[in-house]
Amino acid sequence: MKLYRYIYLAIAVIILASCESTPKSQPNAIPATPLQKTVTLDKNFKIASGETLYVPVYSHIYHHNRQEIFELAVTLSIRNTDLTNPIIITSVRYYNSEGKIVKQYLERPIQLDPLASTDFFINRNDTSGGLGANFIVEWVAQTEISEPIVEAVMIGTDFQQGISFISPSRVIKSQNNDKRSPLK
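Rules and cut-offs
Residues numbered from 1 in each chain as written. Predicted model: local features only at pLDDT ≥ 70, side-chain atom pairs only at ≥ 80, totals over all residues. Heavy atoms only, no water. Helix = DSSP H or I, 4+ residues; strand = E, 2+ residues; numbered from the N terminus. Buried < 20%, exposed > 50% of the residue type's maximum accessible area, 1.4 Å probe, protein only. Contact = heavy atoms within 4.5 Å. Pairing = 2+ DSSP bridges. Axes fitted to C-alpha atoms, helices over the stretch in contact; angles between N-to-C directions. Phe/Tyr/Trp six-rings, centres within 6.5 Å; stacked < 30°, edge-to-face > 60°. Patch = residues over 30% accessible without salt bridge, like charges linked within 9 Å, V, L, I, M, F, W, Y side chains within 5 Å. Areas by Shrake-Rupley, 256 points an atom, 1.4 Å probe, with all protein chains shown as cover. Salt bridge = Lys/Arg side-chain N within 4 Å of Asp/Glu carboxyl O.

Participant: Describe the environment of P114, and please don't skip the residues or the numbers.
Facilitator: Following the sequence through the fold, P114 ends up in the loop between β8 (110-112) and β9 (117-122). Judged by its relative accessible area of 31%, P114 is partly exposed. Along the primary structure P114 and I87 are separated by 27 residues, whereas in three dimensions their C-alpha atoms are 7.8 Å apart. Once residues lying within four places of it in the same chain are set aside, the contact partners of P114 are N80, D82, L83, T84, N85 and P86.

Participant: How would you summarise the sheet that holds strand β12 (residues 161-168) if you had to cite specific residues and measurements?
Facilitator: Pairing within the open sheet is antiparallel, and its four strands lie in the order β9-β5-β11-β12. A strand with exactly one partner marks an edge of an open sheet, and here the two such strands are β9 and β12. Taking the axes of each pair of neighbouring strands and ignoring which way they run, one obtains an average angle of 15° across the sheet. Both strand β11 (residues 149-158) and β12 contribute to a ladder of eight bridges, which runs antiparallel. Within β12, the residue paired with M154 across the bridge is F165.

Participant: If you had to explain the pairing of strand β5 (residues 73-79) to someone new, which residues and values would you point to?
Facilitator: Of all seven residues in β5, five are buried; the element is thus mostly enclosed. In the sheet, β5 pairs with β11 via seven bridges, with the strands oriented antiparallel. Bridge pairing links R79 to I149 in β11. In terms of strand pairing, β5 meets β9 through six bridges, oriented antiparallel. Looking at β9, one finds that L76 is bridged to F120.

Participant: Got a sec to walk through the side chain of S167? Specific residues and values, please.
Facilitator: With respect to the element layout, S167 can be found in strand β12. S167 gets classed as buried once you look at its relative accessible area, which sits at 6%.

Participant: I'd love a proper account of the environment of L53, names of residues and values included.
Facilitator: Summarising the element assignment, L53 is placed in strand β2 (residues 46-56). Taking C-alpha positions, L53 is 5.9 Å from S169, a pair spaced 116 residues apart along the chain. Among all residues touching L53, those that are not within four sequence positions of it are F135, I136, V137, W139, V150, S169, R170, V171 and I172.

Participant: Before we move on, could you go through the packing of aromatic side chains and cite the residues and values that matter?
Facilitator: In total, this model carries four aromatic pairs according to the counting rule given. With a centroid separation of 5.8 Å and an interplanar angle of 45°, the aromatic rings of Y105 and F135 are classed as tilted. Of the two residues, Y105 sits in the loop between β7 (101-104) and β8 while F135 sits in strand β10 (residues 134-141), which places them 30 residues apart along the sequence. Here Y105 and F135 have matching classes, each one buried. Pairwise contacts between aromatic rings join Y94, Y105, F120 and F135 into one cluster.

Participant: Any chance you could break down a nonpolar patch on the surface for me, citing the residues and the numbers?
Facilitator: A cluster of nonpolar side chains, Y62, I69 and L131, forms an exposed patch at the surface whose accessible area comes to about 250 Å². Inspection of the secondary structure assignment puts Y62 in strand β3 (residues 60-63).

Participant: Kindly report on unusual backbone geometry, identifying the contributing residues and their values.
Facilitator: In this structure, L115 takes a positive phi of about 65° despite not being glycine. Take L115: it is sitting in the loop between β8 and β9.

See below:
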C-alpha cells in the first residue's frame with residue numbers, strides 16, 4: 001500500500017513540474033474607455049457652473065509596521081450625472097506628495113455628454129506621486145447641472161492578498177453666474 005502512495009506522489013510532482021506559467025504583462029498605460037471628444041472653448045463660452053476638485057489618491061500604502069509597501073493602481077473616474085446636459089472637463093492634473101505637478105492629462109478640454117464617463121489610469125508600478133498624491137480636476141458647464149461624480153479607485157493584489165478602496169473628490173473652488181471661461 002505504501003508503494004502506491006509513492007507512485008501517486010511521484011506522478012503528482014511530475015505533473016506539477018511540467019506546468020508552465022506565463023508572466024503577466026503590465027501595460028504602461030490604459031487608455032480611457034470612451035473616446036474623448038475634444039472641444040474648443042472660445043471667448044463667447046459662458047460658464048453657468050463649474051468647480052475645481054481635489055481628489056486624494058494613494059500610489060502605495062504601508063503595512064507590517066511600515067516595513068513593507070503595498071503598491072496600488074489608481075483609476076480616476078469622472079461621471080457626468082446630468083440627464084440632459086454635457087459638461088466640459090477643462091483640466092486633469094496629477095500632483096505628487098510635495099505638491100509638484102507630475103502629469104497633465106488633457107491637452108485640450110473634453111466634453112462628457114449626459115450620463116457619460118471617462119477615466120484616467122496610473123499604473124501600479126508608477127510611484128512618482130507618492131503616498132500623498134492627488135488629482136486636480138476642473139470642469140465647467142453652460143447651464144446649471146447636476147454635479148458630476150469624481151472619485152479615485154485604488155486597487156492592489158499580491159499573492160492571495162488584495163486591497164481596494166475609493167477616495168471621493170472635494171470641492172476646493174466653485175464658479176457660477178456666467179463668468180467667461182479662463183481659456184482662450
